[in-house]
Amino acid sequence: MRKNLPLFLLSLILLAGVVPARAQSAARLELFALDASAFPTISASMDVFDPGGAFITGLQPGQVTLLEDDLPITPASLEELQPGVQFAIALDPGPAFAFQDAYAVSRFDLVMDVLIHWAEAHADSFNDELSLVPTEAVISSNLSAASFASALAAYQPDLQAIRPTLDSLSHAIDLVSGAGSQIGMKRVVLYITSPLESASIPALQSLTQRAIAMDVRVHVWVVSSPDFFTTSGATALKDLSILTGGTYALFSGEETLPDPEAYLTPLRHTYALRYPSAIRTTGSHTLVLQVESDGATLTSEPVSFDLVVEPPNPMLVTPPGQILRQGPDPQSTDFALFQPASQEIEAIIEFTDGIQRPLIRTGLYVDGVLVDENTSEPFDLFTWDLSGITRSGEHILQVQALDSLGLEKTSLGLTVNVTVVMPERGMRAFLSRNSLWVTLGAVGLAGAALVTTLLVGRRGNRHVPARKTGRRGGGDPLTAKVEEGSEERPRRALRGRAASALKQSDAYLMRLKEDGQAITAPPIPISLPEMTFGSDPLHATRLLDDPSVSPLHARLKQENGQFILADEKS
């Protein structure tokens, strides 16, 4: 003991620096497994322990307060669950296990009987994850209770030759530190060994710190003669159990070993909670949990988490670059009859933060004015009323979206040209639109002229002296001699005027097929001194409906009896 005293004191000094809150007799509250994937609903789990380390059950939502970025929020739900436990037994026997009592029953047999009876009585319905880590044997994990009992019975080491090495403890801590099959599973290791040699104490202290960091409770059974219960190796094992929240038992063959079920039952509890988050900005946030229990307020350590929250991103789905509105015929001046009267506009609303949530409203804006709005599905379809557009021009289209979080965003503006084909102007258009009234007016004027002529002629005849009947044929228009050629002159004049009219449109443009044959469409008369051709009615006097035609494509002039066709940078 004198020789080992300096090493024993050194171990106490080293262990003093790793004593966590668990080693203190104080209640504690742990917040873990925070999940914001269903934002704005955030879920988490919590464990609450009293000063003795027992789990506090029966809590109600009113006893729990969440501080999200210091804003108090009451959970929407609080559910008490009973997940299983990640439990591993690390067997590290040695020569001390071989000692037999008066009935020739070794300490090893007594230990194995306790473990096998526990395994046979253990219910798989607890959903515990059982693992066996024996020294110098195959490690078995995720065993059923029956398989665990069989593995224990099959383990028959050479007790006189085997030496404790801490390897089984290290492997057991690693096994239970992995992610469990259920959220909130506690981690427990039962380490069964002989007192360690003083040279192994530093390695044990390192394992102690690792168990603390991984929140693993280590219960220790020290199997040996009572003479070794107070050695530095045995004391270091006791410190391991105390610092990790476990228990410590000494067994010489006469004591009663604890039931392993007592280690697991208090730990098969956890709480799952959900709450509506008030976060509306991207960044790092903190969450603190407070629980009122037995007149005291327990507060958890803050948990930090990053969250990306962006407003919905609306986008127009390629609206038409140009919309052509025109009447049913070139003479129509009633804009109510112009088509199209409306245009369907489609949009895409995406959530760039990856958090899908309901939309409250979407709107279509034209030149900053709301023209259509959706407050229910579908949110991505709009109708743009064009009936009020009577002039050609450019218009800026935008889509605005509002989500259930109150976040709003407006898309970039896209330009759409609306071309209104104006009705024909001039005398010809006027006569064409009012042909019926012009005809009726002409007929009326002609009738009025005829009546006037007849009336004037009748008055003139009343004042002309009567001709002498003795002059044969003199002066009578019915018997007067007609001069030769008197009827031919007016006929020639009429033919000349008709020929002159025809001559004004004696040239035409005809559309041809690829083989040079004429298309049956009516030809285009060249009736003006200058004509322009194109697809834009604002620039061309003659429209050609073809994708290959520019807004102003070509110009045709008549000069000195010739036709000159000029390209307009088509």
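Residues numbered from 1 in each chain as written. Predicted model: local features only at pLDDT ≥ 70, side-chain atom pairs only at ≥ 80, totals over all residues. Heavy atoms only, no water.

**Some remarks on the overall build of the protein chain**
Filter applied, for reference: Helix and strand definitions here come from DSSP, where helices need a minimum of 4 consecutive H or I residues and strands a minimum of 2 consecutive E residues; each element is numbered from the N-terminal end. Note on exposure labels: buried denotes an accessible area under 20% of the residue type's maximum, exposed denotes more than 50%, and partly exposed covers the range between, all computed with a 1.4 Å probe on protein chains only.
Looking only at helices and strands, one finds 10 helices and 30 strands in the protein chain. The 570 residues of the protein chain split such that 36% are buried.

**A word on the pattern of salt bridges**
What counts, and what does not: The term salt bridge refers to a side-chain nitrogen of Lys or Arg lying within 4 Å of a carboxyl oxygen of Asp or Glu.
Scanning the model with the defined rule gives 10 salt bridges in all. Of the charged contacts, one joins arginine 28 and glutamate 30 as a salt bridge, the two residues approaching to 2.0 Å between their closest N and O atoms. According to the relative accessible area criterion, arginine 28 is buried, its value standing at 17%. The class for glutamate 30 is partly exposed, based on a relative accessible area of 22%. The salt bridge partner of glutamate 530 is arginine 555, with a shortest N-O separation of 2.6 Å. Placement of glutamate 530 in strand 27 (residues 530-534) and of arginine 555 in strand 29 (residues 554-559) is noted, with a sequence separation of 25 residues between them. One network of salt bridges, in which partners are shared, links Asp128, Glu261 and Arg268.

**Points about helix 4 (residues 167-176)**
Cut-off, in case you're wondering: In this analysis, two residues are considered to be in contact whenever any of their non-hydrogen atoms come within 4.5 Å of each other.
All of the buried residues along helix 4 are Ser168, Leu169, Ser170, Ala172, Ile173 and Val176. Looking at the buried side of helix 4, the elements it contacts are strand 6 (85-92), strand 7 (129-134), strand 9 (186-193), helix 5 (201-213), strand 10 (216-223) and helix 6 (232-244).

**Points about the side chain of serine 277**
So the rule is basically this: Here a polar contact means two N or O atoms within 3.5 Å. Within protein one must be a hydrogen donor candidate and the other an acceptor candidate, and residues neighboring in sequence count only if both atoms are side-chain atoms.
If you trace the backbone, serine 277 turns up in the loop between strand 12 (270-276) and strand 13 (283-293). Side-chain polar atoms of serine 277 contact the side chain of glutamate 68, separated by 2.7 Å. Setting aside chain neighbours within four positions, we find serine 277 in contact with Phe39, Pro40, Ile42 and Glu68.

**Some details on the sheet that holds strand 1 (residues 28-35)**
Filter applied, for reference: Pairing between strands requires that DSSP locate at least two bridges from one strand to the other. To obtain each axis, a line is fitted to C-alpha atoms, and for helices this fit is confined to the stretch in contact; angles are then taken between N-to-C directions over 0 to 180 degrees.
Read across the open sheet, the 4 strands follow the order 1-2-12-5; overall the sheet is antiparallel. The open sheet has two free edges, formed respectively by strand 1 and strand 5 (77-81), since each of these has just one partner strand. Each strand axis lies, on average, 25° off the axis of its neighbour in the sheet, ignoring direction. Note that strand 1 and strand 2 (residues 41-49) share 6 bridges and pair antiparallel. Opposite arginine 28, over in strand 2, you have phenylalanine 49 as the bridge partner.

**Regarding a nonpolar patch on the surface**
Defined as follows: The patch calculation keeps residues exceeding 30% relative accessible area without a salt bridge and links them within 9 Å when they carry like charges or within 5 Å when they are nonpolar (Val, Leu, Ile, Met, Phe, Trp, Tyr). Using a 1.4 Å probe, the Shrake-Rupley method yields the accessible areas, and only the shown protein chains count as cover for residues.
A grouping of Met315, Val317 and Ile348 is seen on the molecular surface, where their side chains present a nonpolar patch of about 210 Å² in accessible area. The topology assignment puts isoleucine 348 in strand 18 (residues 342-350). A residue is classified by how much of its surface remains accessible, and isoleucine 348, at 44% relative accessible area, is partly exposed.

**Re the side chain of threonine 244**
Among the structural elements, threonine 244 can be located in helix 6. Judged by its relative accessible area of 0%, threonine 244 is buried. Within the local environment of threonine 244, its side chain forms a polar contact with the backbone nitrogen of valine 218, the two atoms lying 3.1 Å apart.

**Regarding the packing of aromatic side chains**
Quick reminder of the rule: Pairing of aromatic rings covers Phe, Tyr and Trp, the last through its six-membered ring, and needs centres within 6.5 Å; plane angles under 30 degrees mean stacked, over 60 mean edge-to-face, and all others mean tilted. For a Lys NZ or an Arg CZ to count as sitting over a ring, it must be within 6 Å of the ring centre and within 35 degrees of the ring normal.
Counted under the stated rule, the structure contains 6 aromatic pairs. Residues phenylalanine 49 and phenylalanine 55 carry aromatic rings whose centres are separated by 5.5 Å and whose planes lie at 90° to one another, so their mutual orientation is edge-to-face. Here the two residues phenylalanine 49 and phenylalanine 55 agree in accessibility, since each one is buried. Aromatic ring contacts, followed pair by pair, group Phe49, Phe55 and Tyr271 into a single cluster. The ring of phenylalanine 49 has arginine 217 sitting right over it, with the charged end atom 5.1 Å from the ring centre. Residue placement shows arginine 268 over the ring face of phenylalanine 126; its charged tip is 3.9 Å from the ring centre.

**Considerations on helix 6**
The cut-off we apply is this: Here, expected helix span is obtained from the residue count minus one, scaled by 1.5 Å.
Over its 13 residues, helix 6 extends 18 Å from the first C-alpha to the last, a length consistent with the 18 Å expected when each residue adds 1.5 Å. The buried fraction of helix 6 amounts to 10 of the 13 residues, a majority that puts the element mostly inside the structure. In the stretch just after helix 6, glycine 245 is the one whose phi turns positive, near 90°.

**Here we look at the packing of helix 4 against helix 5**
What describes two packed helices is the angle between their axes and the distance between those same axes. For clarity, the cut-off: Here is the rule for angles: anything less than 35 degrees is roughly parallel, anything more than 145 is roughly antiparallel, 65 through 115 is roughly perpendicular, and the remaining ranges are oblique. Asp, Glu, Lys and Arg are counted as charged, while Ala, Val, Leu, Ile, Met, Phe, Trp, Tyr, Cys and Pro are counted as nonpolar; the rest, among them Gly, fall into the polar class.
Where helix 4 contacts helix 5, the axes come no closer than 11 Å and their chain directions differ by 10°. When the axis of helix 4 is compared with that of helix 5, the two are roughly parallel. Along the contact surface, helix 4 presents Leu169, Ser170, Ile173 and Asp174, while helix 5 presents Leu204, Leu207, Arg210 and Ala211. For the contact of helix 4 with helix 5, the class distribution of residues is 5 nonpolar, 1 polar and 2 charged.

**Side note on the nonpolar core**
Condition: By nonpolar core is meant a set of buried Ala, Val, Leu, Ile, Met, Phe, Trp, Tyr and Cys residues that side-chain atoms within 4.5 Å join together.
Of all hydrophobic cores here, the largest spans 64 residues; its most connected members are Met46, Ile89, Leu115 and Ile192. Sorting elements by how many residues they give to this core places helix 2 (residues 107-121) first, with 7 residues. Excluding residues that lie within four positions of it along the chain, isoleucine 89 makes contacts with Leu115, Trp118, Ser131, Leu132, Val133, Phe148, Leu190 and Ile192.

**Some thoughts on the environment of leucine 381**
Positionally, leucine 381 belongs in strand 21 (residues 381-385). Given the relative accessible area of 42%, leucine 381 is considered partly exposed. If sequence neighbours within four positions are ignored, leucine 381 has contacts with Ile345, Glu346, Asp372 and Asn374.

**Some remarks on the confidence of the model for the protein chain**
Let me state the cut-off plainly: Per-residue confidence from the prediction method is given by pLDDT, with values spanning 0 to 100.
For the protein chain, the mean per-residue pLDDT works out to 85, and 84% of the residues sit at or above 70. Least confident of the elements in the protein chain is helix 1 (residues 5-16), whose mean pLDDT is 43; most confident is strand 19 (residues 359-366), at 97. Note on residues 1-24: pLDDT under 50 across the span, and 27 contacts to partners over four residues away in sequence or across chains.

**A look at the pairing of strand 20 (residues 369-374)**
Within a regular beta strand, the side chains point alternately toward one face of the sheet and then the other, so they alternate between its two faces. Two strands pair when backbone bridges link them, and strand 19 and strand 20 are joined in this way by 5 bridges, in the antiparallel orientation. Counted as the bridge partner of threonine 362 is asparagine 374 from strand 20.

**Describing the packing of helix 5 against helix 6**
Packing of helix 5 against helix 6 leaves a shortest axis separation of 10 Å and a crossing angle of 5°. Considering their axes alone, helix 5 and helix 6 lie roughly parallel with respect to each other. On helix 6, the residues touching Ile201, Leu204, Thr208, Ala211 and Ile212 of helix 5 are Ser232, Gly233, Ala236, Leu237, Leu240, Leu243 and Thr244. Of the residues in the contact of helix 5 with helix 6, the class split is 8 nonpolar, 4 polar and no charged.

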